[in-house]
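Architecture at a glance
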Number of protein chains: 2
Amino acid sequence: MSFEITKEYIQKIQQLIVENKNTVLVNLLEEVHYADIAEIIEELETEESLYLIKLLDSEKTSDVIAELDEDDREKILKELSSKEIAEEIDELDSDDAADIISELPEEQKEEVIAQLEDAEHAKEIVELLRYDEDTAGGLMAKELVKVNENWNVLTCVKEMRAQAEEVTRVHSIYVVNDNDILKGRLSLKDLLTTSTRTAIKDVFIKKVDSVNVNEEAEEVARVMQKYDLEAIPVVDEIGRLLGRITIDDIVDVIKEEAEKDYQMAAGLVEDVEADDSLWELTRARLPWLFLGLLGGVGAARIMGLFEGALAENAILFMFTPLIAAMAGNVGVQSSAIIVQGLANDNLKGSIGQRLIKEFTLAVVNGLILAILLFVFTWIWQSDFNTAIAISISLFAVIIVAGIIGTFIPLFLDKKGIDPAIATGPFITTSNDIFGILIYFWIASLILEF
Amino acid sequence: MSFEITKEYIQKIQQLIVENKNTVLVNLLEEVHYADIAEIIEELETEESLYLIKLLDSEKTSDVIAELDEDDREKILKELSSKEIAEEIDELDSDDAADIISELPEEQKEEVIAQLEDAEHAKEIVELLRYDEDTAGGLMAKELVKVNENWNVLTCVKEMRAQAEEVTRVHSIYVVNDNDILKGRLSLKDLLTTSTRTAIKDVFIKKVDSVNVNEEAEEVARVMQKYDLEAIPVVDEIGRLLGRITIDDIVDVIKEEAEKDYQMAAGLVEDVEADDSLWELTRARLPWLFLGLLGGVGAARIMGLFEGALAENAILFMFTPLIAAMAGNVGVQSSAIIVQGLANDNLKGSIGQRLIKEFTLAVVNGLILAILLFVFTWIWQSDFNTAIAISISLFAVIIVAGIIGTFIPLFLDKKGIDPAIATGPFITTSNDIFGILIYFWIASLILEF
């Protein structure tokens, strides 16, 4: 079923554009899904993309534009007049429309809104622009099917036919009272299986999940996943129905959230893709590397403090990469488990209990690894004291790194900061330095230098 | 809307169980969503959970059991007879039913299936058990609403009423011919807005996305996301309609995939949660730490080879943690970008082009970092040659690590291996060692030792 976009296909389209074969192009792309056209456009030069956007019907191109990556969209919208943008926006659902308008330069926003044809649509978009993009309000669309509890099924079906024209997919029919307060829902299935004279009041389901318009997007995602919802109504403080959020938007939230955490763990500071520019990639990667450099320089300075011990205890210095790596690894492992637990909201017990568990775990792991390192070092250097010093230090470093790795994300979360930062550059680098400091300190106590 | 499970609430339930207050318990939990009951059960002891499962109606407990974590479910099912398990399975959709049965011990599977009440349901489950869980067949449910293209809307609505009883949520009505070959779909919306005498043939949409039953789960997820589908029909090689996959299952696939990659990047070898046992956590964490230990030991041995240079070039040894960290960091960053690009299927260009881009990027980043390190080392040690040796080595290490980090995931992917392995322990550790080797080699050339 997959539509494969080959190099030849792209070249064919480019050729047709050069030759201005508009009819052939329109026919060729007629049956192609907008998501595929968006992928085609991402392969084309901006001028070619503009040619296509202007050529094709705005009913299709509006969805294509909504589907594009933000960077690609920006390039195209810059070349369109406010009037042209408004024509595209006219075709979109209010949530996509508001998302696109919010990306426009401040001065252009009003221009575009002023040129929208449907005043009702414009009003809805303006309302949506008020909400923060990371809240339920920022995710919801105004398009939904709602009926009054005082109607009967027949009126309801008639009204729905009218409303459904506007709504891409009908999940539930929401039931409101005269004040627009959400009272319950009606499933399409029920509507199909009920006599037309029945009063809505008698058939609708009074229990309906909803979220407050100011709820965080992540929490909405959690609720919709937990209860396997495909759509959820959004209400204001007094329960008035404002809009609805559909699962496809939530899938995007989940993916973005996961990607952000992944990139954080991999040491990427900004959201980047392989095809971003060299400059964007450098901006995403250099900060961590720079911190790593600082950390390495810090480690070198610490080792410099113990230079006097170098002649007699050269072996200690050989193991510093090992100590730094272990401190970093243990820290990231502990943090990652906590970060995932927080994200999935399945972390039980108090901070104290968590730390005790991590401590026990670090003792077990630390002991096993320290014994292995002891055996190896003793065989290599046949010096009992050095072998003991190195392995006890490793043991201590693993425990400290585990506890820091567990504590920091819990602490950040309590303070309302994204705990995923704990798996990122700053903590890892401090763990490295801290590890080397502890290592030399313990070694100096045992070996008395 | 969120249902908060407090400690007091759990204690109250435990108290009611101790006192055998069954009616109170049933009433208390009557309005509680099965997903919430599953969370309650995860807080209870196995015996208490069993008490609840046996007390509540199996229409509800079947969903609770399907919702539980695999470990928790295993504990409970172990205490239930095959007859009791069959009663729960009877209530579930075929996909959840098959998932649960597939987790049972081999000998119990047939026993449970033999005790199922509905022979049709049993047949469907047996069919689903054939498919690998990571394919479309493993994700699909047999429950769907299908109509024959030769019917009219009235017959269709009547048939649907019967079928819809079985189906939790109706997304699309699939249209098949007499041989069960998928021909198209009909939206509920259309059905509501069409005259009852119209022939299905005249109104159904001929274009319908579908996936082959052997398609990989990840590919199904990609397709459903790309085209914003809420359900997709599954067909066999000759196009016969076998089942359908709904977006809630895909949300789980996406989450699991993201968590797997995240855990890999954080150095966790198995899928673990914060609340897993000490033994499970150790098993997930120790392998990477052990590899890290081996890597560290390897690095120490390499440094040992250059011990002769220690007296004159002590400073070189101070920078080994920095070099190892940078090699690891650059490698993980490059790999992570490629891994994400592959996962999102938005990687363009050949392997050669990727490597050239990464090379350029590494040259830019490497140059900036090498200059910084040069300045710092020169100020600290006022030794031009050493400063030059260290910074040129860093530059080389960054380039090599970047190229390895880019190449390995692309190579793994070409070989059909999960590229996320590249961000895991093995590659990171080799990068560390490799980095230190290059570092000493270049330094020895410049400083002539």
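Some points on the overall build of chain A
On a plain count of helices and strands, chain A comes out with 22 helices and six strands. Over its C-alpha atoms chain A spans a radius of gyration of 30 Å, topping by over 25% the 22 Å that the globule rule assigns to 449 residues. When the 449 residues of chain A are sorted by exposure, 46% land in the buried category. Considering only contacts within chain A whose residues lie at least 6 apart along the sequence, 71% involve residues at least 24 apart.

Brief notes about the sheet that holds strand E1 (residues 146-148) of chain A
Residues and elements named next belong to chain A. With mixed pairing, three strands are arranged side by side in an open sheet as E1-E2-E3. Edge positions in the sheet fall to E1 and strand E3 (182-187), since each of these pairs with one other strand and no more. Within the sheet, the average angular offset between the axes of one strand and its neighbour, ignoring direction, is 35°. Alignment of strand E2 (residues 172-176) against E3, held across five bridges, turns out to be antiparallel. What sits directly across from valine 175, in E3, is glycine 184.

Points about unusual backbone geometry
One non-glycine residue with positive phi stands out, namely aspartate 228 of chain A, at about 50°. The residue aspartate 228 of chain A is located in the loop between helix H15 (217-226) and strand E5 (231-235) in this model.

What to know about the domain arrangement of chain A
What the domain assignment lists for chain A is domain 1 (7-131), domain 2 (146-255) and domain 3 (278-447). For domain 2 of chain A versus domain 3 of chain A, the distance between C-alpha centres works out to 51 Å.

Structural notes on the relation of the copies chain B and chain A
Superposition of chain B onto chain A requires a rotation of 180° combined with a translation of 0.0 Å along the rotation axis, giving an RMSD of 0.1 Å. Such a combination of rotation and displacement between the chain copies is what one expects of a two-fold axis. Closest to the rotation axis within chain B is the C-alpha of proline 321 of chain B, separated from it by 2.2 Å.

Examining the sheet that holds E5 of chain A
With mixed pairing, the three strands of this open sheet are ordered in space as E4-E5-E6 (chain A). If you trace the sheet from one side to the other, it starts and ends with strand E4 (211-212) and strand E6 (241-246) of chain A, each paired once.

Focus on the environment of glutamate 47 of chain B
All names here are of chain B. Take glutamate 47: it is sitting in helix H4 (residues 46-55). On the basis of neighbour counts, which here come to 9 C-beta atoms within 10 Å, the residue glutamate 47 falls in the exposed class. In sequence terms glutamate 47 and glycine 402 are 355 residues apart; their C-alpha atoms lie 54 Å from each other.

Quick look at the interface of chain B and chain A
When the parts of a complex come together, some accessible area is lost, and that lost area is often taken as the interface size. With 93 residues of chain B at the contact, the number on the chain A side is 93 residues. Ranked by residues supplied to the side of chain B that touches chain A, first place goes to helix H17 (residues 278-305) of chain B with 16 residues. Class assignment of the residues belonging to the side of chain B that touches chain A gives a composition of 55 nonpolar, 21 polar and 17 charged.

A closer look at H4 of chain B
If you check which residues of H4 of chain B are buried, you get Ser49, Tyr51, Leu52 and Ile53 of chain B. Residues of H4 of chain B that are buried in the fold lie against helix H1 (7-18), helix H3 (34-43), helix H5 (58-67) and helix H6 (70-78) of chain B.

A word on helix H21 (residues 384-414) of chain B
Residue and element names in this part refer to chain B. In this model, H21 (31 residues) spans 45 Å end to end at C-alpha, consistent with the 45 Å of a helix rising 1.5 Å per residue. Most of H21 is tucked away, with 22 of its 31 residues classed as buried. Phi for glycine 416, located one or two positions after H21, is positive at around 80°.

Let's talk about the confidence of the model for chain A
Residues and elements named next belong to chain A. For chain A, the mean per-residue pLDDT works out to 89, and 97% of the residues sit at or above 70. Per-element confidence in chain A is highest for E4, whose mean pLDDT is 96, and lowest for helix H13 (residues 188-192), whose mean pLDDT is 69. Scored as a complex, the prediction yields pTM 0.82 and ipTM 0.81.

Quick notes on the packing of H15 of chain A against helix H16 (residues 247-265) of chain A
Residue and element names in this part refer to chain A. Where H15 meets H16, the closest approach of the two axes is 10 Å, and the angle between their N-to-C directions is 115°. Crossing of H15 against H16: the hand is left-handed. From H15, Ala217, Glu218, Val220, Ala221 and Met224 reach across to H16, where they touch Ile247, Ile250, Val253, Ile254 and Glu257. The residue makeup of the contact of H15 with H16, split by class, is eight nonpolar, no polar and two charged.

Considering the pairing of strand E6 (residues 241-246) of chain B
Residue and element names in this part refer to chain B. Of all six residues making up E6, six are buried, and the element is well covered by its neighbours. One ladder, built from five bridges, connects strand E5 (residues 231-235) with E6; its direction is antiparallel. Its bridge partner lying in E6, proline 233 is registered against arginine 244. Between E5 and the antiparallel strand that follows it, E6, lie five residues; glycine 239 among them carries a positive phi value of about 90°.

Describing the pairing of E5 of chain B
All names here are of chain B. When you tally the buried positions in E5, you get five out of five residues, the bulk of the element. In terms of strand pairing, strand E4 (residues 211-212) meets E5 through two bridges, oriented parallel. Paired with valine 211 across the strands is valine 234, a residue of E5.

Section: the packing of H3 of chain B against H5 of chain B
Residue and element names in this part refer to chain B. Between H3 and H5, the least distance of the axes is 8 Å, while the angle of their chain directions is 60°. The way H3 lies across H5 gives a crossing that is right-handed. Between H3 and H5, the contacting residues are Tyr34, Ala35, Ile37, Ala38 and Ile41 on the first element and Lys60, Asp63, Val64 and Glu67 on the second. Counted by class, the contact of H3 with H5 contains six nonpolar, no polar and three charged residues.

Regarding the environment of tyrosine 34 of chain A
Residue and element names in this part refer to chain A. Locating tyrosine 34 in the fold gives a position in helix H3 (residues 34-43). Linking tyrosine 34 and alanine 98, residues 64 residues apart in sequence, is a C-alpha distance of 19 Å. Filtering out sequence-adjacent residues up to four positions away, tyrosine 34 remains in contact with Lys60, Asp63, Val64 and Glu67.

Things to note about the environment of threonine 193 of chain A
All names here are of chain A. Here threonine 193 lies in the loop between H13 and helix H14 (200-203). Classification of threonine 193 by C-beta neighbours within 10 Å gives partly exposed; the count is 15. Considering only alpha carbons, one finds threonine 193 and isoleucine 442, 249 residues apart in sequence, at a separation of 77 Å.

Thresholds applied
- Residues numbered from 1 in each chain as written.
- Chains lettered and ligands numbered in written order.
- Predicted model: local features only at pLDDT ≥ 70, side-chain atom pairs only at ≥ 80, totals over all residues.
- Helix = DSSP H or I, 4+ residues; strand = E, 2+ residues; numbered from the N terminus.
- Rg over C-alpha atoms; globule rule 2.2 N^0.38 Å.
- Buried ≥ 20, exposed ≤ 12 C-beta atoms within 10 Å, placed from the backbone.
- Contact = placed C-beta atoms within 7 Å.
- Pairing = 2+ DSSP bridges.
- Axes fitted to C-alpha atoms, helices over the stretch in contact; angles between N-to-C directions.
- Domains from an automatic or database assignment.
- Least-squares fit on C-alpha atoms with pLDDT ≥ 70 in both.
- Nonpolar A, V, L, I, M, F, W, Y, C, P; charged D, E, K, R; others polar.
- Expected span 1.5 Å × (residues − 1).
- pLDDT = per-residue confidence, 0-100.
- Left-handed = near helix turned anticlockwise from the far one by under 90°.

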